[in-house]
Amino acid sequence: MDLQLKGKVVLVTGGAKGIGAAIVRGCAAEEAVAIIVDQDVESGRQLRLELESAGKRAGFISADLTSVGDCSSTVQQTLRDFGRLDVLVNNAGINDRIGLESGDPEKFVGSLQRNLHHYYNMAHFAVAALKKSHGCIVNIASKTAFTGQGGTSGYVAAKGAILALTREWAVELLPYGIRVNTVVPAEVMTPLYRQWLATFPDPEEKLREITVKIPLGKRMTTPDEIAATVLFVMSAKAHHVTGQHLFVDGGYVHLDRALP
Ligand code: NAP
């Protein structure tokens, strides 16, 4: 299937590692030009180098997405260096465990800044360029917005808002043909996930407890499997798909927990 992504300029927040890096590599495989936006400068530069060494066009922009100025300059730099913007992938986030008791009002707002505000800010600054290119937006949410997790109010509030904004932006941007969709991961082995596992006394046992509950294959979703759906939904093959929440989770959220 030709996804017709060749030459498309795709901005991926949090693109240096984990799910974002898989999306970046997927874009490169389709001859799209991925721009990695990340605060991890070493990993971002390394990934750009890896792609350039393989003969691909790619970019890296070092940014702290909690800064409104960095969100704005990221879009400006992309337009200056690459001349257009076709797809915004809002992916960066961190499950920072700001709970009802472990957090406080100030920390809660901080979590929203890390997980939500930059989704809006990036879309706000990108929308003029997306109108020109008839582009699209793909957001990454989390199953925790549907299931809860406990002890992580800020992260879950942000992910719930991202689902709502997907519908809201899909409606607002209908007149311009800009599609907006969200991919919802559940359990994906990434540096962020490893950090979270490490907070348990026996990470291996915790991982086993989780994977046996994943209906399809009793295994984690891979970053490449998330990336494949992100690439499809940004592509010409998904031209009549908008405002959707797409679950790539081996049935984790919706299938019967009583399954053997
Ligand atoms: P990851 O392994 O931590 O990779 C995320 C990248 O984004 C890191 O390089 C991180 O840099 C960067 N980043 C985070 N906040 C940033 C900021 N404010 N400014 C600039 N860069 C920033 O995470 P992941 O597991 O791939 O998660 C990607 C997305 O998927 C997140 O939105 C997450 O909520 C969602 N998700 C993941 C899972 C899962 O199982 N992994 C499940 C559900 C949802 P640092 O490392 O320096 O922080």
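Preceding this section is the structure that the text describes.
Residues numbered from 1 in each chain as written. Predicted model: local features only at pLDDT ≥ 70, side-chain atom pairs only at ≥ 80, totals over all residues. Heavy atoms only, no water.

*Asks:* Give a description of the side chain of glutamate 187 that names residues and reports values.
*Replies:* As for its placement among the helices and strands, glutamate 187 is situated in the loop between β6 (179–185) and α7 (191–197). Looking at glutamate 187, the relative accessible area reads 4%, which means it is buried. A distance of 2.6 Å separates the side chain of glutamate 187 from the side chain of lysine 143, its partner in a polar contact. Among the polar contacts made by the side chain of glutamate 187, one reaches the side chain of tyrosine 193 at a distance of 2.4 Å. Every residue in contact with glutamate 187, bar those within four places of it in the chain, is listed here: Lys143, Tyr193, Ile210, Ile214, Met220, Thr221 and Tyr252. (Helix = DSSP H or I, 4+ residues; strand = E, 2+ residues; numbered from the N terminus. Buried < 20%, exposed > 50% of the residue type's maximum accessible area, 1.4 Å probe, protein only. Polar contact = N/O pair within 3.5 Å; in protein donor to acceptor, adjacent residues only side chain to side chain. Contact = heavy atoms within 4.5 Å.)

*Asks:* So, the site of the ligand: which residues are in play, and what are the values?
*Replies:* Residues in contact with the ligand amount to 27 residues; listed here are only the nearest, Lys17, Asn91, Tyr155, Val188 and Thr190. Contacts to the ligand include aspartate 38, whose side-chain N or O atom sits 2.9 Å from an oxygen atom. The side chain of tyrosine 155 places a nitrogen or oxygen atom 2.5 Å from an oxygen atom of the ligand. Isolated, the ligand exposes 890 Å² of accessible area, and the fraction of that covered by the protein chains is 91%. Elements represented by at least two residues in the shell around the ligand include exactly α1 (18–29), α6 (153–172) and α7. The dominant element in the shell around the ligand, judged by the number of residues it contributes, is α7, at 3 residues. Taken together, the residues of the shell around the ligand sort by class into 14 nonpolar, 8 polar and 5 charged. A domain-level breakdown of the shell around the ligand finds at least three residues from each of domain 1 (9–186 + 223–246) and domain 2 (189–220). (Near = heavy atom within 4 Å. Areas by Shrake-Rupley, 256 points an atom, 1.4 Å probe, with all protein chains shown as cover. Nonpolar A, V, L, I, M, F, W, Y, C, P; charged D, E, K, R; others polar. Domains from an automatic or database assignment.)

*Asks:* Talk me through the pattern of salt bridges; I want residue IDs and the actual numbers.
*Replies:* Evaluation of the coordinates by the stated rule reveals 9 salt bridges. We note a salt bridge from lysine 17 to aspartate 40, for which the minimum N-O separation is 2.6 Å. Of this pair, lysine 17 sits in the loop between β1 (9–13) and α1 while aspartate 40 sits in the loop between β2 (33–38) and α2 (41–53), placing them 23 residues apart in sequence. Under the relative-accessibility criterion, lysine 17 is labelled partly exposed at 35%. Measuring nitrogen to oxygen at the nearest pair gives 2.6 Å for the salt bridge that ties glutamate 187 to lysine 143. With glutamate 187 in the loop between β6 and α7 and lysine 143 in the loop between β5 (136–140) and α5 (144–147), the pair connects residues that are 44 residues apart, well separated along the chain. Each member of the pair, glutamate 187 as well as lysine 143, is classed as buried. (Salt bridge = Lys/Arg side-chain N within 4 Å of Asp/Glu carboxyl O.)

*Asks:* Break down the sheet that holds β2 for me, citing the residues and quoting the values.
*Replies:* The strand order β3-β2-β1-β4-β5-β6-β7 describes an open sheet built from 7 strands, whose pairing is parallel. Sheet topology places β3 (58–62) and β7 (245–248) at the edges, where each strand pairs with a single neighbour. Each neighbouring strand pair of the sheet contributes to a mean axis angle of 20 degrees, computed without reference to strand direction. Where strand β4 (residues 87–90) lies against β5, 4 bridges are found, and the strand directions are parallel. (Pairing = 2+ DSSP bridges. Axes fitted to C-alpha atoms, helices over the stretch in contact; angles between N-to-C directions.)

*Asks:* Talk me through the nonpolar core; I want residue IDs and the actual numbers.
*Replies:* Counting 66 residues, the largest nonpolar core has Ile23, Val89, Val230 and Met234 as the members making the most contacts within it. For this core, the element with the highest residue contribution is helix α4 (residues 105–133), accounting for 8 residues. With near-sequence residues (within four places) excluded, methionine 234 lies in contact with Leu5, Val10, Ile23, Cys27, Val87, Val89, Cys136, Val138 and Arg179. By size, the runner-up hydrophobic cluster in this structure holds 9 residues, among which are Ala186, Leu197, Leu207 and Met220. (Core = buried A, V, L, I, M, F, W, Y, C linked by side-chain atoms within 4.5 Å.)

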